[in-house]
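# What the coordinates show
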Amino acid sequence: MPLNISGVQQDNEDDSHLVPVLESRDEEVQPVDAMDAVKRFRDANKETNKPRQLFSVSRMEGIEELKRDVLVAYKSKANLKARPRVRFEEEEGAGSGPVREFLLTAMKIADEGIGNTCKPVIFFEGERDHRLPLHNQSLRLTGAFKAVGRIIGHCALHEGPA
C-alpha cells in the first residue's frame, strides 16, 4: 500500500516482509492469547524446508566489533525467514549454541547499543520495561534502525532472546 505522507517515501527494499497473523484493524478484533499469536507468526513465516541462512562473524577484535559485524549482517539482504546458521571465524561450534549466541549478541545491539570511541550509538531510551526509539535522523538514513527492526523480528521468529 503506497504511503500518502508528504516527504515520506515507501521502502521497497525488502522483498521478504514477514506476514502479519492478526486480523486487520478494519475488522472487529477479538482478544488473542499472546503465545498463540507468536506461534501463528512463527508458523506463517518460518521457512523450514529451504536452505539455511549463513551468518559469518568474528569475535577476534572484541564484543563491540562483533556487534558491528552483526549489524552489518542485518543490513544485508539476508533471508530472515530461513533457519539461521552461524559461523564464528576461526572457531569451532555446532548445534544451536552459535545461533543462540549470535541472536543474543544481536539483541544486545538493540538493548545496549554499540560502543564507540567518542559516544556509544544507542537506538532506544527509557526504562528497562518501556523502551522508546531515539529520534536520530542519521541512524535512520544509514539503515541502522531498519537493521535493528530486522534483528528484533528475526529473534522473535527463531526463538531467540527477548
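In the predicted model, the protein carries a mean pLDDT of 82, and the fraction of residues at 70 or more is 81%. Contacts for the low-pLDDT stretch residues 1–10, under 50 throughout, to residues beyond four places or in other chains number five contacts.

This part covers the packing of helix α2 (residues 63–75) against helix α3 (residues 97–112). The interhelical angle for the contact between α2 and α3, taken along N-to-C directions, is 95°, at an axis separation of 9 Å. Between α2 and α3, the crossing angle belongs to the class labelled roughly perpendicular. Contacts from I63, L66, K67, V70, L71 and Y74 in α2 reach F102, L103, T105, A106, K108, I109 and E112 in α3. Here the residues of the contact of α2 with α3 are counted per class, giving nine nonpolar, one polar and three charged.

If you look at the biggest cluster of nonpolar residues, it comprises 27 residues, and the most contacted ones within it are V70, L71, Y74, F102, I109, F123 and I151. Elements that contribute at least two residues to this core include exactly β1 (53–57), α2, β2 (84–88), α3 and α5 (144–157). Tallying contributions element by element places α3 first for this core, with seven residues.

About the criteria used
- Residues numbered from 1 in each chain as written.
- Predicted model: local features only at pLDDT ≥ 70, side-chain atom pairs only at ≥ 80, totals over all residues.
- Heavy atoms only, no water.
- pLDDT = per-residue confidence, 0-100.
- Contact = heavy atoms within 4.5 Å.
- Axes fitted to C-alpha atoms, helices over the stretch in contact; angles between N-to-C directions.
- Helix = DSSP H or I, 4+ residues; strand = E, 2+ residues; numbered from the N terminus.
- Parallel < 35°, antiparallel > 145°, perpendicular 65-115°, else oblique.
- Nonpolar A, V, L, I, M, F, W, Y, C, P; charged D, E, K, R; others polar.
- Core = buried A, V, L, I, M, F, W, Y, C linked by side-chain atoms within 4.5 Å.
- Buried < 20%, exposed > 50% of the residue type's maximum accessible area, 1.4 Å probe, protein only.

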